[in-house]
Amino acid sequence: MKLADRVLALLADHPGGLSDAEVAGALHVVHQQVNQCCRALAANGRIVRDDAAKPIRNRLPDDRRVLDGPAPSTPAVTPAPAGTDRDEASTQSRVAAWLAAEGWNLRRIADTASREHGTDIVAERDGMLLHVEVKGYPSTSYADLRRAHETKPTHPATQARQWFAGAVVKVLQLRKEHGEDRVALALPDARTYRALLRSIDTTLVAMRLSVFLVDDDGSVEAWWNPA
């Protein structure tokens, strides 16, 4: 049973709700996994995260006290609203939450804010390891608050092509290092990235590389290729 289904079943027996720590203790899983899973379930409207008191309590919506069917593995992707945050850290957080909800155990989540070296996400499910390289989408302004008033001279779509090229090199390196594992590239769902992915679609299949297109609402369109 996936972690999301286990969380929903547990909450069905506790109408008053449970904190992340209580869920983690009851299910004997890592607190971080529960937090990410519950955030994803809340984003999909399957639970409510009540922050009226601390700690936040997770509960089923008032109009539903029975367990729904399992969430779809690849929710439909809708166009992201303008101005939403598509940086690497946000994309990584959404992918990690989605993976946790899909039953993957998160073994590593790199600190992208500090530019930590190594694979961005490493997860495991049913004895299979998954290595994920994450890239964000460029914004028109600088992240550095001292330059927030400035506009970048490079158009986001142009910079996105450069970021995409670097990400492809990284996943190819991961494929060489981890020949028996799954390797995936995670990107915000943007027109530029979709066009670039279509231009190398046969290579993705040949190299057994999967792709996760991440929407701003946390949903993910997964293109799984065989490991």
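Here, every reference points to the structure presented above.
Residues numbered from 1 in each chain as written. Predicted model: local features only at pLDDT ≥ 70, side-chain atom pairs only at ≥ 80, totals over all residues. Heavy atoms only, no water.

> Which residues make up empty space enclosed by the protein, and what values do they have?
One pass over the full model with this rule turns up two cavities of 30 Å³ or more. Taken as a whole, the second largest cavity encloses approximately 30 Å³ of empty space. Lining the second largest cavity we find Asp 85, Arg 86, Thr 91, Arg 94, Pro 188, Val 214, Asp 215 and Asp 216. The residue inventory of the lining of the second largest cavity, partitioned by class, reads two nonpolar, one polar and five charged. (1 Å grid on protein atoms, 1.4 Å probe; cavity = no way out; pocket = protein on both sides within 12 Å on 5 of 7 lines; lining within 4 Å. Points joined across faces, edges and corners; volume = space filled by probe spheres on them. Nonpolar A, V, L, I, M, F, W, Y, C, P; charged D, E, K, R; others polar.)

> Run through the sheet that holds strand 8 (residues 209–214), naming residues and quoting values.
Pairing is mixed in the open sheet, where six strands are placed in the order 4-5-6-7-8-9. Of all the strands in the sheet, the pair left with one neighbour each is strand 4 (105–109) and strand 9 (220–223). Taking each pair of neighbouring strands and ignoring which way they run, the sheet shows an average axis angle of 25°. As paired elements, strand 4 and strand 5 (residues 121–125) share four bridges and run antiparallel to each other. (Pairing = 2+ DSSP bridges. Helix = DSSP H or I, 4+ residues; strand = E, 2+ residues; numbered from the N terminus. Axes fitted to C-alpha atoms, helices over the stretch in contact; angles between N-to-C directions.)

> So what about helix 6 (residues 191–199)? Which residues, and what values?
Burial in helix 6 covers these residues: Thr 192, Tyr 193, Leu 196 and Leu 197. Angularly, the buried residues of helix 6 cover 130° about the axis, an arc narrow enough to put them on a single face. With respect to the buried face of helix 6, the exposed residues turned more than 90 degrees away are Arg 191 and Arg 198. (Buried < 20%, exposed > 50% of the residue type's maximum accessible area, 1.4 Å probe, protein only. Arc of directions from axis to C-beta.)

> Before we move on, could you go through the nonpolar core and cite the residues and values that matter?
Note that soluble globular proteins tend to have their nonpolar side chains buried in a common cluster. Among the nonpolar cores identified, the biggest contains 37 residues, and Val 7, Val 23, Cys 37, Leu 99, Ile 121, Val 132 and Phe 212 are the most heavily contacted of them. It is helix 4 (residues 88–101) that provides the largest number of residues to this core, a total of seven residues. Every residue in contact with Ile 121, bar those within four places of it in the chain, is listed here: Gln 92, Val 95, Ala 96, Leu 99, Leu 106, Arg 108, Leu 130, His 131, Val 132 and Val 134. Core analysis: the next-biggest nonpolar cluster, separate from the first, contains 19 residues, Phe 164, Leu 174, Leu 196 and Leu 197 among them. (Core = buried A, V, L, I, M, F, W, Y, C linked by side-chain atoms within 4.5 Å. Contact = heavy atoms within 4.5 Å.)

> Break down the packing of aromatic side chains for me, citing the residues and quoting the values.
Across all of its chains, the model carries five aromatic pairs by this definition. Consider the rings of Tyr 137 and Tyr 193, whose centres lie 5.4 Å apart with planes at 85°: the pair is edge-to-face. Placement of Tyr 137 in the loop between strand 6 (128–134) and helix 5 (156–177) and of Tyr 193 in helix 6 is noted, with a sequence separation of 56 residues between them. Considered together, Tyr 137 and Tyr 193 belong to a single accessibility category, that of buried residues. Each residue in the set Trp 98, Trp 104, Phe 212 and Trp 224 is aromatic and connected to the rest through ring pairs, giving one cluster. (Phe/Tyr/Trp six-rings, centres within 6.5 Å; stacked < 30°, edge-to-face > 60°.)

> Account for the pairing of strand 9, with residues named and values stated.
Residues Val 220 and Ala 222 point to one face of strand 9 and are all buried, whereas Glu 221 and Trp 223, pointing to the other face, are not buried. In this structure, strand 8 lies alongside strand 9, joined through four bridges in antiparallel fashion. Bridge pairing in strand 9 places Leu 213 opposite Glu 221.

> Now, about the packing of helix 2 (residues 20–27) against helix 3 (residues 31–43): what can you tell me, with residues and values included?
The contact between helix 2 and helix 3 brings their axes to 9 Å, and the two run at 120°. With respect to each other, helix 2 and helix 3 are oriented oblique. By crossing handedness, the relation of helix 2 to helix 3 is classed as right-handed. Touching Asp 20, Ala 21, Val 23 and Ala 24 of helix 2 are His 31, Val 34, Asn 35 and Cys 38, all from helix 3. (Parallel < 35°, antiparallel > 145°, perpendicular 65-115°, else oblique. Left-handed = near helix turned anticlockwise from the far one by under 90°.)

> Provide a residue-level description of unusual backbone geometry, including the pertinent values.
The phi angle at Asp 126 is positive, at roughly 55°, despite the residue not being glycine. Considering the arrangement of structural elements, one finds Asp 126 in the loop between strand 5 and strand 6. The residue Arg 208 is not glycine, and still its phi comes out positive at about 55°. Turning to its location among the elements, Arg 208 is positioned in the loop between helix 7 (201–206) and strand 8. Classification of Arg 208 by relative accessible area gives partly exposed; the value is 26%.

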